[in-house]
Every structure is written in structure tokens, then in C-alpha cells.
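Remarks on the overall topology
Each chain is listed here by its residues.
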Amino acid sequence: MLNVRELHVSYGGIRALRGVSLEVNEGEIVTIIGANGAGKSTLLNTISGFLKPAKGELEFKGHKLGRQPAKIVQLGICHVPEGRLVFTNLTVRDNLLLGAYLRTDRKAIAADLEKVYALFPRLKERERQLAGTLSGGEQQMLAMGRALMTDGQLVLMDEPSLGLAPLLVKTVFEIIVEIRKLGKTILLVEQNAFKALEVADRAYVLEQGKVVKSGRACDIAQDPAVRAAYLGSKSVAGGM
Amino acid sequence: MVQFLQQLVNGLSIGSVYALMAVGYSLVYSIMNFSNFAHGAVIMLGAYFGFYSLTLLRLPFGVSFVLAAVGTGLVAVLLERLAYKPLRERRAPFLYFIITAMGASIFIENLVVATIGPTYKTYPAVFGQGPIQLGALSIGRIDLTMFVVSAISLTALMIFIDRTKMGKAIQASAYNMKASALMGINTDRVIIIVFALGGALAGVAGVLFGMKYLVYPQIGNITNKSFIAAVFGGLGSLPGALIGSVLLALIETFVSGYLSSQYRDLIGFVILIAMLVVRPTGIMGKSAEDKA
Ligand SMILES: Nc1ncnc2c1ncn2[C@@H]1O[C@H](COP(=O)(O)OP(=O)(O)OP(=O)(O)O)[C@@H](O)[C@H]1O
Ligand SMILES: [Mg+2]
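Report on the accompanying structure. All chains use their own residue numbering, which begins from 1 and follows the written sequence. For this description, chains carry letters from A and ligands carry numbers from 1, given in the order in which they are written. Residues qualify for local features only when their pLDDT is at least 70, as the model is predicted, and side-chain atom pairs are given and counted only at 80 or more; totals for whole chains, interfaces and linings, by contrast, use all residues. Excluding hydrogens and water, the side-chain figures rest on all heavy atoms present in the structure.

1. Considerations on the overall build of chain A
For chain A, the helix and strand inventory stands at 11 helices and 10 strands. As defined in this context, the radius of gyration uses C-alpha atoms, and a globule is described by 2.2 Å times the residue total to the power 0.38. In summary, chain A has a C-alpha radius of gyration of 17 Å against a globular reference of 18 Å for 240 residues, a match within 12%. Here the C-alpha coordinates of chain A stretch approximately 50 × 40 × 30 Å along the principal axes. Buried, partly exposed and exposed residues are distinguished by accessible area as a fraction of the type maximum, computed with a 1.4 Å probe on protein chains only: under 20%, between the cut-offs, and over 50%, respectively. Burial analysis of chain A (240 residues in total) assigns 55% to the buried set. For chain A, the proportion of contacts with a sequence separation of at least 24, taken over those separated by at least 6, is 66%. Reported accessibility uses the Shrake-Rupley method at a 1.4 Å probe radius. Residues are deemed covered only where the shown protein chains occlude them. A total of about 10500 Å² of accessible surface is found on chain A, and carbon and sulfur atoms cover 51% of it. In chain A, which carries 32 positive and 25 negative side-chain charges, the distance between the mean positions of the two groups comes to 3 Å. Helix and strand definitions follow DSSP, with helices as H or I runs of at least four residues and strands as E runs of at least two, each counted in order from the N terminus. Residues count as neighbours in contact if any of their non-hydrogen atoms are within 4.5 Å of one another. In this tally, Lys and Arg are treated as positive and Asp and Glu as negative; His is ignored, and so are the chain termini. We put the charge of a Lys on NZ, of an Arg on CZ, of an Asp on CG and of a Glu on CD.

In C-alpha cells, the structure reads:
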């Protein structure tokens, strides 16, 4: 579904991605794990059309991806950005409806809104509230719901569990699995490698702008080097 | 009491036109985070467009308004495309935008001086003579027109921003450009619309000021007032621009009425500075964290 080939991206002189290749197939949850500054957000922002690659190719369902974010949304890629970026000055409902900005079929939009409310009952309760008044966890759910409203088939998620209490982290990962059940494909960027590897089918390990390992999530979770670097002393087997 | 009411009426009339100009500053600021100091030049062009529609083309009063609004809307969009878009694409620091805006303003003003000339022009009398008497109150016909036309234009703007899909897209982009692009919103188009709206309202304000006072190349300096009003109310907030404008105008008319008109502008700037010291975000402005 998504093909990234030999992607190089720099910020001025800083080389953030140095030849990243990966693929995501329909229906998969693929995770990219890596430390701070590894280039995870850079990769997602490049896929979404915000950054210009110095080299390399991006292809989604046979279409080459350019540098127009709105077009990329139209092709069916949605992005839950790092830091959520919900529209704090608008209501929860307006946030969700903005997700459907490019869509015109009112019935389908209304149906999807109900689906999102079913997935996040909290949002339904707070429909008329300004998004800025929501808690961090609720804002994360709103950011996910808003992305789902675009009806994109591929959902990019940038550290959805960042800054949330452990209980909410658990909820977020459960929701990710639920989202896949809605028929979505997910590319999940996480620092919480332990949890991410639990829900993912396949994983890529990104270090300093390069993919250093890739494979089935369960194999990566058992890899001694990965366990030492990203999983600390936590027992992976126990969590699976 | 009569004097008080009279000042109130005058204040509301001037304040409504300040608001018409202030929302132009606020709209652009909310999206692009810089104060478009070329706004005054656009208002000046509006005054000339209205003047020539009435005198040269001999168009009716209402049509002249529309023509001036369309003309200045186009000028504002052109300004964005030619001057600001290249800066945006290069991600230039905001100081460059301000310098460019000032340069554009000087350019337009001098272009008018060079082509039309520096002389003052008087709008033809479009209204009957004499003020309207309301008991002891007398309301100038032009003042009444200023209030009514401004109120209608501002209401239309508010409805557009609050009720339409594009209006919501403008609000979303004001919060965060990246997030709104992730919704599929074409942020470049949002910027064009914002300049067109601000420009059109500037044209209406230009015609109103041309009618009330005179037309001359420096008439755009009057936007200093609406800039103060926009900062006072909170740059980037439309309700703030309205409240700030009306408050500033009321304070000005009361100062002129009860103290002396010599203090009027002084007070305006004192308010601006006091506001910046006490509450830099203005009455309704976005706080720094909102804008993060
Ligand atoms: N706007 C920018 N300008 C300059 N350098 C940047 C910019 N954004 C990111 N970088 C650099 O690019 C590299 C990759 O950053 P990126 O944000 O993609 O990392 P990340 O893996 O998402 O990290 P985190 O887990 O902290 O979010 C880092 O070295 C970072 O300092
Ligand atoms: Mg990141």
C-alpha cells in the first residue's frame, strides 16, 4: 500500500533521514520504533507532504506522493500528528467535522461521526465543548477521531501515547487495535516500544535516520539488542 | 445627558469603521502572525476607487461601494501573491514580512501621488443636506451611513466565519496551519480568502472615510487607529477587534468632547502602551500557549 524507497531528508545541513526504505501492506499495523531524534516524525511529515525529500521515492497505492498535504489527504492518508494539534478554539464536533473537510457525502459523514463517537464515547459527551478544555487523553482521542473522519485508509500516528498516564496508554493501544478492525492500515511511530511491538504485525527500528532492523514485531521484541536499547528490563514475554 | 448621548452616537459611528479596518489586521494576523502594515494603503485605494466610481463612472452610491470592495479585495490578494507568498515559501522570519508590508505601503502611496497627485479631493454630496433630528440628538447622515454599512459588513463577515465551511477552515488555520493541512484544507487558498475579505472590508472603510473626510494619498494613516484598536482588543481575535474599536472610538470621542480634541490621539497611544504592558495579548487575544 505504502512504499518508501531510499528516502533522504535534511533540515538545512542536518541529515535527518539517510536512505530509509519501508513498506506497509493493506490491513497491517506497522510500527517504527526509535529513540528521540531518530527521525520518526521527519518520516511521517515527509509522507504527509510537509517536507521535501532530497532523494528517494514515496508511493501510495500506485500514486507518487508530492508536496501538497491536502492532495495526500485526498489520496487516503491521514495523520495524527505529534502533540495532537487539536483545534482548541473550536468545539469537539467542529474538530471532527473538519476532518471531513474534503468529503461531500453528508450521509457517509454522519455515519462516520457516529462510528467515531462509538469508539470514543467521551467525545460524544463533550461534543459542544471547546477542544481546548479537554484533558490530554481526550485530546489524543479527538486527534485520532478527527483523522478517522477524513476516511483515509492509511493512518499515520506519531507517538499517540506520549505524555499520557499508564492507564490511558493502555486505552490508546486498545483503540489502535479497534481502528484496525474498522478496516484501516496503521503506521505507528512510538517510543513506547514495548506496547507498540505488542500490537504491531511488523516493526522497523530507526536509528539516526537509518533502518537498522526490521521484521515481524514478535521477532523484534525478542531481539537482544532491541531489548537492551528499547525495552529496558521489562519482560516482553509476560506482556504478550 | 444629551451631550453624553451625542458623544455615544458619534463614538459608535467612528468605532464601527475602525472595526471594519481592524478586522483586516486581525484576520491576517490570526493566520500569518504578522501585522500587515500595507492595510492602510489598501484603504486609501478604496477611497479613490469609490471616488472615481461616483465621479468618473457616475455609478450609483451602492454600486460604488461594491466596486471599491472588489477592487481593494483584488489589490490585497495581489499584494499577498507578489509580496508575501515568496516570503512564505522561503519561510522568512516575520520581520521580513513587516518590512515588506511597510515597503508596499510606501510604494502604493507614492504611486498614487505620482499618478493621481497629492491634492485633496472631495466626494460628491450623495445625501440630502442636514442631520437627522432625533429629539435633541442630531445624527449626521454620513455618520448614520458609516454605522449601518459597517454593521452590515461586519455581521456578514461574522456569519461567514462562524457558519460556513470555509469560515471554519479559516478558524482552524488560525489555530494551526499544519493541523488544518492535515484535514485536507488548502491553506494557500485560506490565505487568499483572508486577504480578499480583509481587502474588501478595507475598500468599504475607505469609501466611508472618503465621504466623511476627504480623499488624499495619506488617508490610510487613519489605520493607525484601527491597529491600536486591534491590539487593544487582542490581535488575531475578531470579537476583540470589534470591542477594541468601539472602545477606542468611544474613549476618543469622550476625550474630545469633555476634555479637548488635542488629547485625543495622545490618549489612544497611551492606551496602547498601557495595554501592552498590562496585558500584551489584549482583551480577547490568544495567549502564547494557545498559539503554540
Ligand atoms: N525543524 C527542524 N529543523 C532542524 N532540525 C530538525 C527539525 N526537526 C527535526 N530536526 C532534527 O532532525 C532529527 C530527527 O528529528 P525527528 O523529529 O524526526 O525525530 P523523532 O524520531 O520524531 O524524535 P522524537 O521521538 O523526539 O519525536 C533530529 O536530530 C532533530 O533535531
Ligand atoms: Mg517525533
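2. Some thoughts on the site of ligand 1
All names here are of chain A. Of all residues adjacent to ligand 1, which total 14 residues, the nearest are Asn-36, Lys-40, Ser-41, Thr-42 and Glu-159. Whenever a nitrogen or oxygen atom comes within 3.5 Å of another N or O atom, the pair is scored as a polar contact, on the condition that within protein one atom can donate a hydrogen and the other can accept it, and that pairs from neighbouring residues in sequence are kept only if both atoms are in side chains. Between an oxygen atom of ligand 1 and a main-chain N or O atom of Gly-39, the distance comes to 2.9 Å. For ligand 1, whose free accessible area comes to 630 Å², the fraction covered by protein is 62%. Elements supplying a minimum of two residues to the shell around ligand 1: strand S2 (14-24) and helix H1 (40-47). Residues are sorted three ways: Asp, Glu, Lys and Arg are charged, Ala, Val, Leu, Ile, Met, Phe, Trp, Tyr, Cys and Pro are nonpolar, and all the rest, Gly among them, are polar. Looking at the shell around ligand 1 residue by residue, the class counts come to five nonpolar, six polar and three charged. Whether a residue is near a molecule or strand is decided by its heavy atoms; if any one of them lies within 4 Å of it, the residue is near.

3. Points about the nonpolar core
By size, the foremost hydrophobic cluster in this structure holds 90 residues, and its most contacted members are Tyr-84 and Leu-208 of chain B. By residue number, the principal contributor to this core is helix H1 (residues 2-32) of chain B, which donates 13 residues. When residues no more than four places from it in sequence are discounted, the contact partners of Leu-208 of chain B are Val-17, Leu-20, Phe-65, Thr-145, Met-146, Val-149 and Ser-150 of chain B. Residues grouped as a nonpolar core are buried Ala, Val, Leu, Ile, Met, Phe, Trp, Tyr and Cys residues, joined through side-chain atoms within 4.5 Å. With 49 residues, the next largest nonpolar core counts Val-116, Met-141, Leu-142 and Val-205 of chain A among its residues.

4. What to know about the environment of Ala-156 of chain B
With respect to the element layout, Ala-156 of chain B can be found in helix H5 (residues 141-163). Sequence spacing of Ala-156 of chain B and Thr-145 of chain B is 11 residues, and the spatial spacing of their C-alpha atoms is 16 Å.

5. A look at the packing of H1 of chain B against helix H10 (residues 238-259) of chain B
In the contact formed by H1 of chain B and H10 of chain B, the axes pass within 6 Å of each other and the chain directions differ by 145 degrees. Between H1 of chain B and H10 of chain B the crossing geometry is right-handed. Axis definition: a line fitted to C-alpha atoms, over the contacting stretch in the case of helices. Angles run 0 to 180 degrees between N-to-C directions. The crossing is said to be left-handed when, going from far helix to near helix, the turn is anticlockwise and less than a right angle, and right-handed when the turn is clockwise.

6. Considerations on the pairing of strand S10 (residues 210-216) of chain A
Consecutive side chains of a regular strand alternate in pointing toward one face of the sheet and then the other. Residue and element names in this part refer to chain A. Where strand S9 (residues 202-207) meets S10, six bridges bridge the pair, whose relative direction is antiparallel. Bridge assignment links Ala-203 to a residue of S10, and that residue is Gly-215. By the convention used here, strands pair only if DSSP detects at least 2 bridges between them. Counted along the chain from S9 to the antiparallel partner S10, the turn is two residues long, and its residue Gln-208 has a positive phi close to 45 degrees.

7. Digging into the coordination of the magnesium ion (ligand 2)
Residues and elements named next belong to chain A. Donor selection uses N, O and S atoms within 2.8 Å of the metal (3.2 Å for Na, K and Ca). Since no water is included, sites may look incomplete. Coordination sphere of the magnesium ion (ligand 2), protein contribution only: Ser-41 (OG) and Glu-82 (OE), at 1.9 to 2.6 Å. Residue Ser-41 is located in helix H1, and its partner Glu-82 is located in the loop between strand S6 (77-80) and helix H3 (92-99); the two are separated by 41 residues in the primary sequence. Looking at Glu-82, the relative accessible area reads 36%, which means it is partly exposed.

8. Quick word on the side chain of Thr-31 of chain A
Relative to the elements of secondary structure, Thr-31 of chain A occurs in strand S3 (residues 29-33). Setting aside residues no more than four positions away along its own chain, Thr-31 of chain A makes contact with Leu-188, Glu-190, Ala-196, Leu-197, Ala-200, Arg-202, Ala-203 and Tyr-204 of chain A.

9. A closer look at a positive patch on the surface
Residue and element names in this part refer to chain A. There is a patch of like positive charges on the surface, built from Arg-15, Arg-18, Lys-55 and Lys-210. Residue placement: Lys-210 occurs in strand S10. Look at Lys-210 and you get partly exposed, because its relative accessible area is 44%. Each patch groups residues whose relative accessible area exceeds 30% and which form no salt bridge, using 9 Å between like charges and 5 Å between nonpolar side chains of Val, Leu, Ile, Met, Phe, Trp and Tyr. Between Lys or Arg on one side and Asp or Glu on the other, a salt bridge is scored when a side-chain nitrogen of the former is within 4 Å of a carboxyl oxygen of the latter.

10. What to know about the environment of Ala-181 of chain B
Residue position: Ala-181 of chain B is located in helix H7 (residues 177-182). On the accessibility criterion, Ala-181 of chain B (5% relative accessible area) is buried. C-alpha separation for the pair Ala-181 of chain B and Ala-169 of chain B, spaced 12 residues apart in sequence, amounts to 9.6 Å. Ignoring sequence-local partners within four residues, the contact set of Ala-181 of chain B consists of Phe-50, Pro-69, Ala-70 and Val-73 of chain A together with Thr-187 of chain B.

11. Observations regarding the interface of chain A and chain B
Taken together, the contact pairs 24 residues of chain A with 19 residues of chain B. Buried area between chain A and chain B, both sides added, is near 1900 Å², and the carbon and sulfur share of it is 66%. When two components associate, each loses some accessible surface as probed by a 1.4 Å sphere; the sum of these losses over both components is called the buried area. The largest contributions to the chain A side of the interface with chain B come from Phe-50, Phe-87 and Tyr-101 of chain A, which together make up 32% of the buried area. A salt bridge links Lys-168 of chain B to Asp-94 of chain A, with the nearest nitrogen and oxygen atoms 2.7 Å apart. If you look at where chain A meets chain B, you find five residue pairs in polar contact (both at pLDDT 80 or more).

12. Some details on the packing of aromatic side chains
Pairing of aromatic side chains here covers Phe, Tyr and the six-membered ring of Trp, requires ring centres within 6.5 Å, and sorts the geometry by plane angle: under 30 degrees stacked, over 60 edge-to-face, intermediate tilted. With the rule as written, the count across this model stands at 16 aromatic pairs over all chains. Both rings, one in Phe-51 of chain B and one in Tyr-52 of chain B, keep their centres 5.1 Å apart while their planes meet at 75 degrees; by these two values the pair is edge-to-face. When its relative accessible area of 9% is taken as the criterion, Phe-51 of chain B is described as buried. Tyr-52 of chain B sits in the partly exposed class, given a relative accessible area of 26%. Among the aromatic residues, ring-to-ring pairing joins Phe-34, Tyr-84, Phe-97 and Phe-195 of chain B into one connected group. Any Lys NZ or Arg CZ that is within 6 Å of a ring centre and within 35 degrees of that ring's normal is treated as a charge sitting over the ring. Sitting over the face of the ring of Phe-50 of chain A, Lys-178 of chain B holds its NZ or CZ atom 5.6 Å from the ring centroid.

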